Amino acid sequence: MRKLLVPVFSAVLLVSCGTAKTASDVSSSQNSAVKGDKAFVSAYKEIKAADLKKNLYVIASDEMEGRDTGSPGQKRAGEYMVNYYKNLGISFPKALGSYYQKVPSDFMKKRGGSNLPDSENILAFIEGSEKPEEIVVVSAHYDHVGTKNGVVYNGADDDGSGTVAVMEIAKAFQAAKKSGKGPKKSVLFLHVTGEEHGLFGSEYYTDNPVFPLANTVVDLNIDMIGRDDPENRGKQYVYVIGSEMLSSQLKLINEAANKRTNNLELNYKYDDPNDPQRLYYRSDHYNFAKNNVPVAFFFDGIHEDYHKPTDDVEKIDYDLLAKRTQLVFATAWEIANRPDRIIVDKK
Ligand SMILES: [Zn+2]
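Keep in mind that what you see is a predicted model, and the values were worked out from it rather than measured.

## Considerations on the overall build of the chain
Here is step 1: Counting secondary structure elements, the chain contains eleven helices and ten strands.
Here is step 2: In summary, the chain has a C-alpha radius of gyration of 18 Å against a globular reference of 20 Å for 347 residues, a match within 12%.
Here is step 3: For the chain, the C-alpha atoms occupy an extent of roughly 50 × 45 × 40 Å along the three principal directions.
Here is step 4: By residue count, 53% of the 347 residues in the chain fall in the buried class.
Here is step 5: Nonlocal contacts in the chain, meaning residues at least 24 apart in sequence, comprise 84% of its contacts between residues at least 6 apart.

## Focus: the packing of helix α3 (residues 49-59) against helix α11 (residues 318-337)
Here is step 1: α11 packs onto α3 with a crossing angle of 105° between their chain directions and a minimal axis gap of 8 Å. Overall, the two elements α3 and α11 adopt an arrangement that is roughly perpendicular. Across the interface between the two elements, A49, L52 and K53 of α3 pack against Y318, D319, L321, A322 and T325 of α11.
Here is step 2: Considered class by class, the residues forming the contact of α3 with α11 number five nonpolar, one polar and two charged.

## Observations regarding the nonpolar core
Here is step 1: Residues V136, V138, I169, V328 and A332 are the most contacted members of the largest nonpolar core, which totals 91 residues.
Here is step 2: Not counting chain neighbours up to four residues away, the residues in contact with V136 comprise K185, S186, V187, V217, V218, A332, I335 and A336.

## Remarks on α3
Here is step 1: Turning to α3, its buried residues number three or more, namely A49, L52, L56 and I59. Taken end-on, α3 shows its buried residues confined to a sector of 90°, consistent with a single buried face. Pointing more than 90 degrees away from the buried face of α3 are the exposed residues A50 and K54.
Here is step 2: Buried residues in α3 make contact with α4 (72-88), α6 (156-178) and α11.

## Considering the environment of V58
Here is step 1: In this fold, V58 is placed in helix α3.
Here is step 2: Judged by local crowding, V58 falls into the partly exposed class, with 17 C-beta atoms found within 10 Å.
Here is step 3: For V58 and K323, which are 265 residues apart along the polypeptide, the C-alpha to C-alpha distance reads 21 Å.

## Some points on the UniProt feature "domain: Peptidase M28" (unreviewed entry) in the chain
Here is step 1: Under the feature "domain: Peptidase M28" (unreviewed entry), the UniProt entry names residues 121-330.
Here is step 2: This span, residues 121-330, is 30% helix and 23% strand, and a straight line between its end C-alpha atoms measures 25 Å.

## Quick look at the packing of α6 against α11
Here is step 1: At a minimum axis distance of 10 Å, the contact between α6 and α11 shows a crossing angle of 50°. As summarised for this structure, α6 and α11 are arranged oblique, according to the angle between their axes. Of the two elements, α6 crosses α11, and the hand of that crossing is right-handed. Taking contact as the criterion, the partners of S161, A165, E168, I169 and A172 in α6 are, on α11, L321, T325, V328, F329 and A332.
Here is step 2: Residues belonging to the contact of α6 with α11 are distributed by class as follows: seven nonpolar, two polar and one charged.

## Quick look at the pairing of strand β10 (residues 295-299)
Here is step 1: β10 sits mainly inside the fold: five of its five residues count as buried.
Here is step 2: Covered by surrounding structure in β10 are V295, F297 and F299 together with A296 and F298, the residues of both alternating faces.
Here is step 3: Note: strand β7 (residues 216-222) against β10, four bridges, orientation parallel. Following the sheet pairing, D219 is matched in β10 by V295.
Here is step 4: Relative to β10, strand β8 (residues 237-241) is paired through three bridges, and the arrangement is antiparallel. Looking at the pairing, I241 lines up with F297 of β10.

## Some points on unusual backbone geometry
Here is step 1: The omega torsion across D158 and D159 is -10°, close enough to zero to call that bond cis.
Here is step 2: Within the secondary structure layout, D159 lies in helix α6.
Here is step 3: For L199, which is not glycine, the phi torsion reads 55° and is therefore positive.
Here is step 4: You can see L199 is positioned in the loop between α7 (195-198) and α8 (200-207).
Here is step 5: The phi angle at M224 is positive, at roughly 80°, despite the residue not being glycine.
Here is step 6: Inspection of the secondary structure puts M224 in the loop between β7 and β8.
Here is step 7: Residue class for M224 comes out buried when judged on the 27 C-beta atoms lying within 10 Å of it.

## Focus on the sheet that holds strand β3 (residues 131-141)
Here is step 1: Within the open sheet, the eight strands sit side by side as β1-β2-β6-β3-β7-β10-β8-β9. Their pairing is mixed. In this open sheet, the two strands that pair with only one neighbour each are β1 (100-103) and β9 (265-267). The sheet shows a mean angle of 25° between the axes of neighbouring strands, direction not considered.
Here is step 2: When β3 meets β7, the two strands line up parallel, connected through five bridges. Opposite V138, over in β7, you have L220 as the bridge partner.
Here is step 3: The strands touched by α6 within the sheet are β2 (119-126), β3, β6 (185-192) and β7, with β3 carrying the most contacts at an inclination of about 150°.
Here is step 4: Contacts from α11 reach β3, β6, β7, β8 and β10 within the one sheet, and its direction differs from that of β7 by about 180°.

Thresholds, definitions, all that
- Residues numbered from 1 in each chain as written.
- Predicted model: local features only at pLDDT ≥ 70, side-chain atom pairs only at ≥ 80, totals over all residues.
- Helix = DSSP H or I, 4+ residues; strand = E, 2+ residues; numbered from the N terminus.
- Rg over C-alpha atoms; globule rule 2.2 N^0.38 Å.
- Buried ≥ 20, exposed ≤ 12 C-beta atoms within 10 Å, placed from the backbone.
- Contact = placed C-beta atoms within 7 Å.
- Axes fitted to C-alpha atoms, helices over the stretch in contact; angles between N-to-C directions.
- Parallel < 35°, antiparallel > 145°, perpendicular 65-115°, else oblique.
- Nonpolar A, V, L, I, M, F, W, Y, C, P; charged D, E, K, R; others polar.
- Core = buried A, V, L, I, M, F, W, Y, C linked by C-beta atoms within 7 Å.
- Arc of directions from axis to C-beta.
- UniProt positions renumbered as here; feature names shortened; annotations may be inferred.
- Left-handed = near helix turned anticlockwise from the far one by under 90°.
- Pairing = 2+ DSSP bridges.

Printed below as a string of structure tokens:
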């Protein structure tokens, strides 16, 4: 999640009114009463708190040095992700020729990203069985803010949590594909870079899309879903932002997917472009929305470790992370498999 650039608002929500929780029990997310057809249910069960945890302990480890845009640590995290996709047999978009889409230093410089090195978006892709030209995007940024004065900002929640969620959702779709029930539309797993410096990776992608944006059905963007904020301490919730801005169907689809799965409290507090926190503009989905692609942004709130070196893996609630990941998967599954594409009927 990008920092709010208007300082007058930025301190308001950072006041803590509770203590951080320790790593939670990782078993209960497997007991939910999920409803749906057999193929969905078995794919859904691939999403496991323990696997999210395993990947996050690598992505947000000190070895990745806070994953600053273009840094060696970020590239190491990228290599881990690429190897993960290779091991699952999930390839990249053919037109791209590799998992990497280079985001040039010059591009970021022109948009105010002073002297960032070249960096890469990472794209994994599962081709649809019936409408391969229609693309469902599931995105998260994998950069964070790096190391400052020798202290590593691990960014476990921001956005290690979204990064491992996208990886886990890809695994679930791939399991379905292996059993002959792959998605009807194509699904692009898009890990963008440069988010913390100005949403650069997603802007580069939407300026240079690998698949035409006119055929891009939705962007489900995940940025921080592993924690709770002071207002919602201990609750089973997630903030959803932007889901009715462009399509009258997306919010309803997401709500139905939620009812079929973990029935989280869907909190729409920030779902307003005029909200002082301006969250609609502060993560990568915005670059899709500005191009008229419907978006839903999943988010856990501004908590006490936001953009602090204490945003660490042991503070993540893995059970809640799994439930929120399952919700995004269920929504992506519905959109990828329903006969029609969701309509764009709002401006
Ligand atoms: Zn951030």
